[in-house]
Each structure stands twice: as structure tokens, then as C-alpha cells.
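Given next are the chains, with one letter for each unit.
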Amino acid sequence: MFSACVVDSEEKIPNVYPNNGLRFRLFPNDAAVNDSASANLSHGLIFMVHPNATYELSFDADTSFAEAPLLQLYRTKPVEGDGNYLNLYKVKNVSGKLEEGRYVYKFLCEKSVSETWALTLVQHGTYYEGTTNNVRLKGDGAYSDRMSLNLIVVGNVAAKIKGFTIDELAEDLLASFREIYSSIKIDTLYVNYANEHPTLGSKYPANEPWYAGWSSKDKMVSELGGWPGIENALDMVLVDYIIDEDVLGYSNLFSGNMGGGAGSTVVLGAFVKGATSVRSLEKNEIVTTAIHETGHFFGLRHTTTASGDVFEGGDLSNKEDGFEDTPFCEQLWLSPLFKKRSDLNVGDWTMSRIKISAAERLYDFRKCPDASNVMFPYDTESEYNGFSEQQLDFIRATLTIYPH
């Protein structure tokens, strides 16, 4: 199916490596505008690929050019301690076809492990100079639409939570995930305790609190991901609280990893740290945050962009998620909360859920048209209707891309 898209005479075509620092990336099936990605397409973008997944990159054809440029794909290796993708290894060249006014490139990931790839567009031995508007990356995976969850309890959280037990929390988590993640199948929810980890247990004593971002440098506690014996479950790490003010949870956007290590965890707080005090969270607040952050894990953006979403040099065009059936809240976009916590030092693609204090409610965000969607960026203390149909389709597509 894809063999015709690969250029055979690779040795005759010079490599044109990315020259823009690879600051922007694409996510499969992302519906957001992504103007910055479109503008940087020719000179370099990065994206994650997974074994046996098929991909289709496309953008509006520039009619002032007679033919489609060549797509060059490179495997990346981050520079140790730097975070930049400067070590590049050629994977393949892919030729494009004109289809309904768009240049389309199709390719298969034939690797045995997930990797981060970079791309450039090349014509006549240099960067393509045509316009590359409305770029889209579609992904189609080869894996199951079923998964299991693993709740990892860290430190002395079980002894400190009020009004419910860990078993009661786990029961509600499983029931809520099965109800709200209705486009996929949730098989089992496991409960494990960090102090009982077969190799790392001594680092997580059960009689001490664990504060994400303070107890260890890794705010995501990612070394606990890929729990032995259930390596392919989605790992949710429950800590005492997250050190950042008013943050209920964290996840990487389109994590791409259900096998352990970096990007394999969702972090949840049993308490929330305010400006002057720490408050215990209700069971339903933890459950809703877990559902919200897992949405980010699969690649869902906030329905309306807010604090922490737009990073330094980020893309202001992505002020909403791009789905037609999720509304957008102009009042939130224009509010002072937009920039409140843009300095959270977690990672360029880590998304949070924020608790709004009463003193900050200059506007009642429960009036936002998307406030009932679980991917609304703030906890509004109101009822949630779950995901839209397009969000549910997106979740299923992503799960089938992730090896598990």
C-alpha cells in the first residue's frame, strides 16, 4: 500500500537536515490549527511514531509550484542533558501525490520501538519554498482499543486522605473511566503501592509524604511507570500533592508511552496546595482530574486554551482544540488567568488542571459553553458531561496507535 510512496534512488538525493531547532511538533489526528507547525514544515518538525502505525501527512498544495516537494524523514536522538534533537539519522524519502488540492504523503513505521522522527520538505536539493498551509498528520494504529489502568499510591497518602479509602477511590475510578471513556474498553484497574515496588520500593517509604516536584526532581515520578507484571497498563501516580500552586494533576500531551519511563505516567494529587494552605480533595475531584489528565495523555487539548498551554515561543493559533463539537470560551481566553501559570517548569508539552480559588473568580467560568466538558482547563466544581463524540473518536484512534 505504501511502497509506491518511497523513493528508490535514495543515494542520488542529498539530505537536507532541519535547520530551525525543531521547536514545533505534530500530533497524529490533532484537529488544532497549528499555524506554527504549518509555517515550519519545510525547515523541520518533530513527531512521534509507533511500530506498525501508518501515517498520512498532508497540506494545501501551492499551485505556483509544478510538483510536490519530497518529504525527508529522520530518526532523532536527543543530545544528553540538552533536550535538543541534534543527532539525526536518515529513515527514508517519501514522494507526495496531489489529492483534492492537497499534497499527501503516506508512510509506515516499520521500527520495532516507538521513536521521535524529524521531517523536512525538499525540492531541487534545498528547502521547499512553497506555502504549506493547513498541515495535518493522520495516524492509524495496529493495536487494541482495550486497556487497563494502574493506580500507584506513593508515600503515606492512604493514611492521610479523608472521607474515603484507596479501595473506594479505585472503585469510583474504574466505574467513571468505563462510563466516560465509552469509545474504548477498560478491562481492569490495579492498585499498587510505591513502597512495594520490587526494585524501587525503598525510595518511597510508606510513612512519609511525597510532593511531586519537591520530593524528587522528576515531577512526573516517571520511574514508577511500567509497573512490573502490568507494563502496558496506563499508570496513574497518586501523590500527597503537586508542589505547584493550585495544580490538581499533570500529564504529557500525547504521551505516546504505555510501557514505562519518561512520559508513561499521569500524576494526581490527593491534596491541592494553595497560596497559604493545603486542602484535601474530594474523591470526585481526584476522579475527574484523572479522567481529564488521561485525556491529555491521549493527545486531547483543553477545549479553551488557558494557563500553561502556550509556552515560550508557543503557538497562539491553538486557542482551542479544533473539534467542531466542543465550544470555545472567549471570556476565558481573554481573562487574566490565561497567563497566570505559564512559567510552570515541568516540560514543554506537559498539561495541567487548575483549581480556581474563590478570590480569583473575576468571571464565573461555569458560564463558559465548554465548562461541562471534562477537558475544560479549570475545575469549576460543576457537573461534567464527559467527552464529545469527536473527542471519543480521537481517544480510540490514539489508543490503537500506542503499543500496549
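Please refer to the structure placed before this passage.
Residues numbered from 1 in each chain as written. Predicted model: local features only at pLDDT ≥ 70, side-chain atom pairs only at ≥ 80, totals over all residues. Heavy atoms only, no water.

Undergrad: Pulling in residues and values, what's your account of the sheet that holds strand β2 (residues 54–60)?
TA: With antiparallel pairing, 4 strands are arranged side by side in an open sheet as β5-β6-β2-β9. Of all the strands in the sheet, just β5 (97–99) and β9 (136–140) have a single pairing partner and so form its edges. Between one strand axis and the next, the sheet turns through 30 degrees on average, direction left out of account. Of the pairings in the sheet, the one linking β5 to strand β6 (residues 102–108) comprises 3 bridges and is antiparallel in character. Opposite Lys 97, over in β6, you have Val 104 as the bridge partner. (Pairing = 2+ DSSP bridges. Helix = DSSP H or I, 4+ residues; strand = E, 2+ residues; numbered from the N terminus. Axes fitted to C-alpha atoms, helices over the stretch in contact; angles between N-to-C directions.)

Undergrad: Could you give an account of the environment of Gly 256, naming the residues involved and the relevant values?
TA: Residue position: Gly 256 is located in the loop between β15 (247–252) and β16 (265–269). Since its relative accessible area comes to 5%, Gly 256 is described here as buried. Between the C-alpha atoms of Gly 256 and Phe 298, which are 42 residues apart in sequence, the distance is 7.4 Å. Look past the residues within four positions of Gly 256 in its chain and what remains in contact with it is Met 48, His 50, Ser 114, Phe 297 and Tyr 402. (Buried < 20%, exposed > 50% of the residue type's maximum accessible area, 1.4 Å probe, protein only. Contact = heavy atoms within 4.5 Å.)

Undergrad: Give a description of the pairing of β6 that names residues and reports values.
TA: In terms of burial, β6 is largely enclosed, as 5 of its 7 residues are buried. Strand direction decides the pairing type here: β2 and β6, joined by 7 bridges, are antiparallel. Bridge pairing links Phe 59 to Tyr 103 in β6. In textbook terms, the turn of a hairpin is the stretch between consecutive antiparallel strands, and for β5 and β6 this stretch comprises 2 residues, one of which, Glu 100, has a positive phi near 50 degrees.

Undergrad: I'd love a proper account of the side chain of Asn 318, names of residues and values included.
TA: Mapped onto the secondary structure, Asn 318 falls in the loop between α4 (283–297) and α5 (330–334). Residue classification places Asn 318 among the buried positions, given a relative accessible area of 8%. Of note is the side chain of Asn 318, whose polar atom sits 3.2 Å from the backbone nitrogen of Val 33. (Polar contact = N/O pair within 3.5 Å; in protein donor to acceptor, adjacent residues only side chain to side chain.)

Undergrad: Give me the lowdown on the side chain of Asn 34, citing residues and values where you can.
TA: Inspection of the secondary structure puts Asn 34 in the segment before α1 (35–40). Judged by its relative accessible area of 6%, Asn 34 is buried. Those residues in contact with Asn 34 that sit more than four places away from it in its chain are Val 135, Arg 301, Asp 315, Ser 317 and Asn 318.

Undergrad: Before we move on, can you summarise the packing of aromatic side chains with the specific residues and values?
TA: Scanning all chains against the criterion turns up 22 aromatic pairs. Centre to centre, the rings of Phe 59 and Tyr 105 are 6.1 Å apart; their planes meet at 15 degrees, and the pair counts as stacked. Taken together, the positions of Phe 59 in strand β2 and Tyr 105 in strand β6 put the pair 46 residues apart, joining distant regions of the chain. Neither Phe 59 nor Tyr 105 differs from the other in exposure class; each is buried. For the pair Phe 365 and Tyr 378, a centre-to-centre distance of 6.3 Å together with 25 degrees between the ring planes defines the contact as stacked. Here the residue Phe 365 occupies a position in the loop between β19 (350–355) and β20 (378–379), and Tyr 378 occupies one in strand β20, the gap between them amounting to 13 residues. Relative accessible area serves as the criterion here: at 0%, Tyr 378 is assigned to the buried category. Put simply, the rings of Phe 27, Phe 177, Tyr 181, Phe 254, Phe 297, Phe 298, Phe 387 and Tyr 402 touch in pairs and so form one group of aromatic residues. One cation-aromatic arrangement involves Lys 160 over Phe 271; the distance from NZ or CZ to the ring centre is 5.5 Å. (Phe/Tyr/Trp six-rings, centres within 6.5 Å; stacked < 30°, edge-to-face > 60°. Lys NZ or Arg CZ within 6 Å of the ring centre and 35° of its normal.)

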